[in-house]
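Each chain is listed here by its residues.
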Amino acid sequence: AARHAVTISLLVIMLYPVAWMVGASFRPDAQVIGSLSPLPDNATLDNYRAGLTPSTFLNFPRYFLNSFLVAGLSVLGNLFASTLTAYAFARLEFPFKRVLFAILLGTLLLPYQVTLVPQYILFDRLAWLNTYLPLVVPKFLGSEAFFIFLTVQFIRGLPRELDEAARLDGCGEWGIFRRIVLPLTMPAIGTTAMFSFIYAWNDFLGPTLYLSRPEMYTVPQGLAMFVDSTGQSTYGALFAMATLSVAPLIGFFLASQRLLTQGIATTGL
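Residues numbered from 1 in each chain as written. Predicted model: local features only at pLDDT ≥ 70, side-chain atom pairs only at ≥ 80, totals over all residues. Heavy atoms only, no water.

### Quick word on the overall build of the protein
Condition: In DSSP terms, a helix is any run of H or I states spanning at least four residues, a strand is any run of E spanning at least two, and both are numbered starting from the N terminus. Working definition: with a 1.4 Å probe on protein chains only, accessible area under 20% of the residue-type maximum means buried, over 50% means exposed, and in between means partly exposed. Contacts between residues were defined by any pair of non-hydrogen atoms, one from each residue, lying within 4.5 Å. The Shrake-Rupley method, run with a 1.4 Å probe, gives the accessible areas here. Residue values count only the displayed protein chains as cover. In this tally, Lys and Arg are treated as positive and Asp and Glu as negative; His is ignored, and so are the chain termini. Charge placement uses NZ in Lys and CZ in Arg. For Asp and Glu, CG and CD serve respectively.
Across its full length, the protein carries 13 helices and 0 strands. Beginning at the N terminus, the succession of helices and strands in the protein can be written as α-α-α-α-α-α-α-α-α-α-α-α-α. The principal-axis extent of the C-alpha atoms belonging to the protein is close to 70 × 60 × 30 Å. Looking at the protein as a whole, 38% of its 269 residues qualify as buried. Nonlocal contacts in the protein, meaning residues at least 24 apart in sequence, comprise 69% of its contacts between residues at least 6 apart. Of the accessible surface of the protein, which amounts to about 15,700 Å², a share of 69% is contributed by carbon and sulfur atoms. Computed over 16 positive and 14 negative side-chain charges, the inter-centroid distance for the protein is 6 Å.

Next comes the structure, spelled out in structure tokens:
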């Protein structure tokens with residue numbers, strides 16, 4: 001009973017800010033800051049109408065579409081690059097394999113700020129600024145070393161006897177990867193997809209660096225535009241759009257969690 005009480009207390013502490021944000025999104029704008037209760041006194045949908053109505057400076061329906069596009073392509077790119085690269089490091093033999101893998105792991109130690117300026121110069125010379133290419137193309141080229149390392153470690157845990165049995169049945173490397181290894185790596189794929197979506201959806205620095213046209217902004221940039229140069233903000237609409245921005249993350253997490261459960265249940269069958 002004591003353990004359950006402590007767990008519930010910690011859960012309430014962690015969820016209170018989220019509950020307050022959701023409640024504040026239903027309050028009239030003048031009453032948003034005046035209460036600590038997560039339950040609104042006079043619930044209204046005016047904040048959602050104001051936030052979703054396109055204006056001269058804000059267009060949140062467009063921002064949501066842009067974020068879904070960038071996040072979806074980022075997930076596809078990370079899955080494509082991490083699975084293929086991880087299979088090569090875990091199963092194939094080629095020159096300088098250990099050295100290349102060590103270099104790959106070494107990139108995990110580099111702060112993002114170290115490569116920021118060279119990447120910006122490169123994308124500028126490629127004329128990729130004010131496009132989504134700097135945010136998406138590196139994902140297809142294996143720029144996320146963490147996901148590759150995660151998938152490599154998972155594939156190394158799969159029995160090689162499965163590969164040998166498939167090879168005796170006539171499968172080549174592509175057939176082994178597609179029919180044997182890929183279905184058994186569903187837990188790693190689910191984890192990669194989940195975190196890739198979260199990172200891309202919440203990314204504020206990347207779009208701010210490479211995108212200067214308002215019609216191409218993503219949701220984090222749109223939320224930042226609620227605060228004007230004087231520090232004033234329309235808090236009701238801000239919390240309403242922040243609540244909507246959290247919903248895709250929760251939905252994608254629940255979908256990936258189900259994928260993780262299915263992958264773990266079928267491993268080795």
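Now, onward.
### Looking at the packing of helix H3 (residues 60–91) against helix H6 (residues 133–140)
Here is the rule we go by: Note on method: axes are straight lines fitted to C-alpha atoms, helices fitted across the in-contact stretch only, with angles between N-to-C directions ranging 0 to 180 degrees. Orientation labels follow simple angle bins: below 35 degrees gives roughly parallel, above 145 gives roughly antiparallel, 65 to 115 gives roughly perpendicular, and whatever is left gives oblique. Definitions for this section: a left-handed crossing has its near helix turned counterclockwise from the far helix by less than a right angle. A right-handed crossing has that turn clockwise. Only Asp, Glu, Lys and Arg are considered charged, only Ala, Val, Leu, Ile, Met, Phe, Trp, Tyr, Cys and Pro nonpolar, and every remaining residue, Gly among them, polar.
Between H3 and H6, the least distance of the axes is 7 Å, while the angle of their chain directions is 20°. Judged by the angle between their axes, H3 and H6 are roughly parallel. Where H3 crosses over H6, the two elements pack in a sense that is left-handed. For the pair H3 and H6, the contacting residues are Val 70, Leu 73, Ser 74, Leu 76, Gly 77, Asn 78, Phe 80 and Ala 81 in the first and Leu 135, Val 136, Lys 139 and Phe 140 in the second. Of the residues assigned to the contact of H3 with H6, the class counts are 8 nonpolar, 3 polar and 1 charged.

### Focus on helix H4 (residues 97–106)
Note the cut-off: This arc corresponds to the set of directions leading from the helix axis out to the C-beta atoms.
For H4, the complete set of buried residues consists of Lys 97, Phe 101 and Leu 104. Down the axis of H4, the buried set is contained in an arc of 55°. They therefore lie on one face. What points out from H4, more than 90 degrees from its buried face, is the exposed set Arg 98 and Ile 103. Of the surrounding elements, those touching the buried residues of H4 are H3 and helix H7 (145–156).

Any functional reading would require information beyond the geometric quantities listed.
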